[in-house]
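Secondary and tertiary structure notes
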Amino acid sequence: MLPLEGITVVSLEQAVAAPFATRQLADLGARVIKVERPGGDFARGYDRTVKGLSSHFVWLNRSKESMVLDLKKEGAKEVLRRLISRADVFVQNLAPGAAERLGFGAKALRAEHPRLISCSISGYGYSGPYREKKAYDLLVQCEAGLLSITGTEETPSKVGISVADIAAGMYAYSGILAALFRRERTGEGAALEVSLFEALSEWMGYPLYYTLYGGEQPPRTGAEHAAIAPYGPCRCSGGTVFLGIQNEREWERFCGEVLQRPELAGDPRFADNPSRVANRGELREEIEAVFGRLSPEEVERRLEAAGIANARLRDMEGLIGHPQLEARGRWREVGSPVGPLCALLPPVLFGEEPAMGPVPEAGEHTVRVLRELGYASREAERLARDLG
């Protein structure tokens, strides 16, 4: 039995953050009913690369049931009220204030359904001067300072994935799990609030404290680490190898066994990590003077033999064909409106196969869910036409 079997989640969701949270609940066996606007979640139209489907949507929405409701219509609101009355969890990431205007704010819902766990996801939170500000992932990365420490010295760069949305989705997911656990003990629901900005601000903890108490923020160092050296790419003969040194014991092994220059470990320029960071350019020259005579394969062999962490720079094709994913059997197939699609298993498993259900079409389950809510077949079909 999966941990969340028997739990029903109703989600008024779009884009990335809320769908990421609810997909993980679905992975654990929860029934997730996704309520979409007429025309569907706009993430369905981000691209058409997955056999005509959106890559974002396929990633975020397997194992869900889709209803389409136009909540500007009172009949659709009544359907949603019935749905929520049977739900354990309600998730929404509409614009700030929109759920309240529709009559589905956390305060009103909790007053009517004390056991309900309501989770609201926003850009900047429901108070403060930024509460109405639009919050797309790149813009939140800017406001949280992420771009200021990412990229090269000359060029600030955004992270290549929707990291603010993902952070918020993860906190919504873990918060809902904690609220469900508490409800088992107390019978009490919860009103959770998660913002993209505050979630990403939490993830900025290291540079935040570095700046707060160090007097200046970490510099942008490209693929290198701002506070550890050597840590990052090193050029070899015919390629590049990435490596990371975490402590002085590793540094001594690296000098003696990998570089075969044990005297470098005692060089005052590199005597400890702060010294190596301060003399990063000279350190790189010393390393690459040796690596420049070696192939990437030989460098990797020496690093492995010495127990020094290292990695290859892989592109997306390299990840898709990664031998570790293959060896651990991490790939599955899920259904979709365009046929079977590849999908990775979720990172956390419970000793049994997780829910790996199909990606739904917009409104695919509207009629069926309406029937479950007590509407007769003909009425359910009419409501699906009129309210979607």
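Located above this text is the structure these notes cover.
Read on for an overview of the structure. (Residues numbered from 1 in each chain as written. Predicted model: local features only at pLDDT ≥ 70, side-chain atom pairs only at ≥ 80, totals over all residues. Heavy atoms only, no water.)

**A short note on the overall build of the protein chain**
Keep this limit in mind: Numbering goes from the N terminus for both helices and strands, where a helix is a DSSP run of H or I of at least four residues and a strand is a run of E of at least two. Contacts between residues were defined by any pair of non-hydrogen atoms, one from each residue, lying within 4.5 Å. For the area figures, the Shrake-Rupley method with a 1.4 Å probe applies, and any residue is considered shielded solely by the protein chains shown. Counted as positive: Lys and Arg. Counted as negative: Asp and Glu, with His and the chain ends omitted from the count. A charge is said to be at NZ when it belongs to Lys, at CZ for Arg, at CG for Asp and at CD for Glu.
Of the regular secondary structure elements, the protein chain holds 18 helices and 11 strands. The principal-axis extent of the C-alpha atoms belonging to the protein chain is close to 85 × 45 × 40 Å. In the protein chain, the proportion of contacts linking residues at least 24 apart, taken out of those at least 6 apart, comes to 66%. When the accessible area of the protein chain is evaluated, it comes to approximately 19500 Å², of which 53% is carbon and sulfur surface. Looking at charge distribution, the protein chain has the averaged site of its 48 positive side-chain charges lying 6 Å from that of its 53 negative ones.

**Here we look at a nonpolar patch on the surface**
The test is simple: Each patch is built from residues lacking any salt bridge and having more than 30% relative accessible area; the joining distance is 9 Å for like charges and 5 Å for nonpolar side chains (Val, Leu, Ile, Met, Phe, Trp, Tyr). What makes a salt bridge here is a side-chain nitrogen of Lys or Arg within 4 Å of a carboxyl oxygen of Asp or Glu, nothing more.
A contiguous nonpolar surface patch, about 470 Å² in accessible area, is contributed by Met316, Leu319, Ile320, Trp331 and Leu344. The greatest single-element share of the nonpolar patch, amounting to three residues, is contributed by helix 15 (residues 316–320). By the element assignment, methionine 316 lies in helix 15.

**Quick word on the sheet that holds strand 9 (residues 309–311)**
Here is the rule we go by: Whether two strands pair depends on DSSP finding at least two bridges between them. Lines fitted to the C-alpha atoms define the axes, with helices restricted to the stretch that makes contact. Angles between their N-to-C directions range from 0 to 180 degrees.
The strand order 7-8-9 describes an open sheet built from three strands, whose pairing is antiparallel. At either end of the open sheet lies a strand with only one pairing partner, and these are strand 7 (231–236) and strand 9. In this sheet, neighbouring strand axes are inclined to one another by 30° on average, regardless of whether the strands run parallel or antiparallel. Where strand 7 meets strand 8 (residues 239–244), six bridges bridge the pair, whose relative direction is antiparallel. Its bridge partner being in strand 8, arginine 235 is matched across the sheet by threonine 240.

**Here's the deal with helix 11 (residues 248–258)**
Cut-off, in case you're wondering: Accessibility here uses a 1.4 Å probe with only protein chains present; expressed as a share of the type maximum, an area under 20% marks a residue as buried, one over 50% as exposed, and anything in between as partly exposed. By definition, the arc is the one covered by directions from the helix axis to the C-beta atoms. We call two N or O atoms a polar contact when they sit within 3.5 Å, provided that within protein one can donate a hydrogen and the other can accept it, with sequence-adjacent residues counted only if both atoms are side-chain atoms.
Regarding helix 11, the residues found buried are Glu250, Trp251, Phe254, Cys255 and Val258. Viewed along the axis of helix 11, the buried residues span an arc of 135°, placing them on a single side of the element. More than 90 degrees from the buried face of helix 11, the exposed residues found are Arg249 and Glu252. Considering only its buried residues, helix 11 is in contact with strand 8, helix 12 (273–278), helix 13 (280–291) and helix 14 (296–306). Where helix 11 begins, the capping side chain belongs to asparagine 247, and its oxygen is found 3.2 Å from the backbone nitrogen of arginine 249.

**With respect to the environment of glutamate 250**
Positionally, glutamate 250 belongs in helix 11. Taking relative accessible area as the criterion, glutamate 250 reaches 14% and is therefore assigned buried. Counting along the chain gives 101 residues from glutamate 250 to isoleucine 149, while the straight-line C-alpha distance between them is 27 Å. Apart from the residues lying within four places of it in its own chain, the contact partners of glutamate 250 are Gly244, Ile245, Gly307 and Ile308. In this structure the side chain of glutamate 250 is engaged in a polar contact, spanning 2.9 Å, whose partner is the backbone nitrogen of glutamine 246.

**Structural notes on the state of the cysteines**
As used here, a disulfide is simply a covalent bond connecting the sulfur atoms of two cysteines. What counts here: Note on terminology: pairs of cysteine sulfur atoms within 2.5 Å are recorded as disulfides.
Summed over the entire model, instances satisfying the criterion amount to zero disulfides. Looking at cysteine 234, it has no disulfide partner, and the nearest cysteine sulfur is the one in cysteine 236, 7.2 Å off. Residue cysteine 234 is classed as buried on the basis of its relative accessible area of 5%.

**Looking at the pattern of salt bridges**
Counted according to the given criterion, the structure contains 29 salt bridges. A salt bridge links arginine 368 to glutamate 65, with the shortest nitrogen-to-oxygen separation between them at 2.9 Å. On the criterion of sequence distance, the pair formed by arginine 368 in helix 17 (residues 366–372) and glutamate 65 in strand 3 (residues 64–68) is long-range, its members being 303 residues apart. With a relative accessible area of 41%, arginine 368 lands in the partly exposed category. What makes glutamate 65 buried here is its relative accessible area of 11%. Arginine 269 is paired through a salt bridge with aspartate 267; the nearest N and O atoms lie 2.8 Å apart. For aspartate 267, a relative accessible area of 16% translates into the label buried. Several salt bridges share partner residues, and in doing so they unite Arg261, Glu263, Asp267, Arg269, Glu282 and Glu286 into one network.

**Some words on the sheet that holds strand 6 (residues 190–195)**
Spatially, 3-2-1-4-5-6 is the arrangement adopted by the six strands of the open sheet, whose pairing is parallel. Pairing within the sheet leaves two strands with one partner each, and these edge strands are strand 3 and strand 6. On average, each strand axis in the sheet is inclined to that of its neighbour by 20°, with strand direction left out of account. Both strand 2 (residues 31–36) and strand 3 contribute to a ladder of five bridges, which runs parallel. Within the sheet, the bridge partner assigned to valine 32 lies in strand 3 and is lysine 64.

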